[in-house]
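# Breakdown of the fold
Here are the chains, one letter per residue:
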Amino acid sequence: MTHSTEMNDAPTGSTYSTAAGASFSARLLGWYDRHHRDLPWRLTPDRAARGEMADPYRVWLSEVMLQQTTVPAVKPYFARFTEQWPTVTALAGAEADEIMKAWAGLGYYSRARNLKACADAVALHHGGRFPETATGLRALPGIGDYTAAAIAAIAFGQRETVVDGNVERVMTRHRAIAAPMPAAKAAVKALLGPDVPDDRPGDFAQAMMDLGATICTPRRPACVLCPLRDDCAVLMRGEDPEAYPVKAAKKAKPVRTGAAFVALSDDGAVLLEKRPDSGLLGGMAGLPTTAWSSRQDGASDAGAAPFEGDWQAAGVVSHVFTHFELRLTVWRAQGVARAAGDGRWWSASDELAGEALPTVMKKALESAIPGITKR
DNA sequence: GATACGTGGCG
DNA sequence: TCGCCAAGTAT
């Protein structure tokens, strides 16, 4: 008999228990009812008790922001976005440029571009309402398998199996799945599917994620507090939970170098440019730079500046991206005449904080003129 | 399936 | 200090 069949036979109902012998979903939901996190995109407990569903717009926005991003990092962005754009229709009415500015600093900027594209699609092709099925959601920009399932379950009560990094960790430990990720993802989904309850699929998904985030953590999991410990395979085997999930070894990060140029006008404005819409930092604002290659030496790149000038080396900035490390030599020229070019503009010192500047660009600016991005 | 794609926090 | 990690998606 398989583990999942065994648990599938256990009762699921309105009485959730953490007692030994209760079903997987009953123990999980019982724990969730007591220990769930209160998060801004979730229904308050009193509204949830009345059977209300969460706002699909807020669920969608939070799910996209939370892709590869921590809850503490997301919270202030979520607050600003929902204040500025309370509905998907409002977001669809915004300029892409304003959305990129509001997203600046959160990373993975294709999410912001797809956010706008998705809002437009919902407003124009779906009457301002999100599709209610995972299949319908999956067809929208920036919504993949995980996000489609999560929105369908949480906002529309669909019985979808939601598998994210938390669920992978909980399941590979609970079932001692030794196959390496991401190949084991299919097994995780297949093993979890039968345990998803008909009546609370959204809570079930959020319970798995909360458990992974607060109990079944990557390091030092709090197994003694876990509602699923009694039949956890790695614990029963006496293995170390931290050994799961198994992942392939990571490749070393290459180092790339380049130069960035801070041109200052007499009145303290800085020359910025819009980066191409695709690729690294796509669609964001930035300083003029050289290409970032493994061969170039930013320290001898003053000649590659956007124009002739008295360029002075101002510092070196190091920044780690997902797949390479960047060492950027920053050059500064003062008293530059305000001549704009295609795709470039002068940003006054009191406008700089509101530009769509990625963190690496703010770092470069700060190295040339400390405090300039905070004025 | 492999790779591109950000950032900040933590042990 | 430094590697790992966080509610993935697109190509």
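So, here is what we can say about the structure in this document. The model shown is predicted, which means the values in this text are computed figures rather than measured ones. (Residues numbered from 1 in each chain as written. Chains lettered and ligands numbered in written order. Predicted model: local features only at pLDDT ≥ 70, side-chain atom pairs only at ≥ 80, totals over all residues. Heavy atoms only, no water.)

### Describing the overall build of chain A
Of the regular secondary structure elements, chain A holds 15 helices and 6 strands. Burial analysis of chain A (375 residues in total) assigns 47% to the buried set. Expressed as a percentage of contacts within chain A between residues at least 6 apart in sequence, the contacts between residues at least 24 apart total 65%. Element-wise, carbon and sulfur atoms account for 51% of the exposed surface of chain A, whose accessible area totals about 18000 Å². Mean positive and mean negative side-chain charge positions of chain A (42 and 42 charges, respectively) differ by 4 Å. (Helix = DSSP H or I, 4+ residues; strand = E, 2+ residues; numbered from the N terminus. Buried < 20%, exposed > 50% of the residue type's maximum accessible area, 1.4 Å probe, protein only. Contact = heavy atoms within 4.5 Å. Areas by Shrake-Rupley, 256 points an atom, 1.4 Å probe, with all protein chains shown as cover. Lys, Arg positive; Asp, Glu negative; His and termini not counted. Charge placed at Lys NZ, Arg CZ, Asp CG, Glu CD.)

### Focus: the protein's contact with DNA strand C
Residues in close proximity to DNA strand C total 26 residues, the closest being Gly 142, Thr 147, Asp 164, Asn 166 and Pro 218. Of all atoms in DNA strand C that approach within 4 Å of the protein, 67% are sugar or phosphate atoms. Side-chain polar atom of Glu 63 to a base nitrogen of DNA strand C: 3.3 Å apart, as the coordinates give it. A distance of 2.8 Å is found between a phosphate oxygen of DNA strand C and a side-chain nitrogen or oxygen belonging to Gln 68. Contributing elements (two or more residues each) for the surface near DNA strand C: helix H10 (145-156) and helix H11 (165-174). (Near = heavy atom within 4 Å. Polar contact = N/O pair within 3.5 Å; in protein donor to acceptor, adjacent residues only side chain to side chain.)

### As for the sheet that holds strand S1 (residues 255-263)
Strand order in the open sheet formed by 3 strands is S1-S5-S4, and the pairing between neighbours is mixed. Each edge of the open sheet is held by one strand with a lone partner, namely S1 and strand S4 (312-320). On average, each strand axis in the sheet is inclined to that of its neighbour by 25°, with strand direction left out of account. Alignment of S4 against strand S5 (residues 325-333), held across 8 bridges, turns out to be antiparallel. Bridging across to S5, Gly 315 finds its partner in Val 330. Across the face of the sheet, helix H15 (residues 359-368) comes into contact with S1, S4 and S5 while running at roughly 150° to S4. (Pairing = 2+ DSSP bridges. Axes fitted to C-alpha atoms, helices over the stretch in contact; angles between N-to-C directions.)

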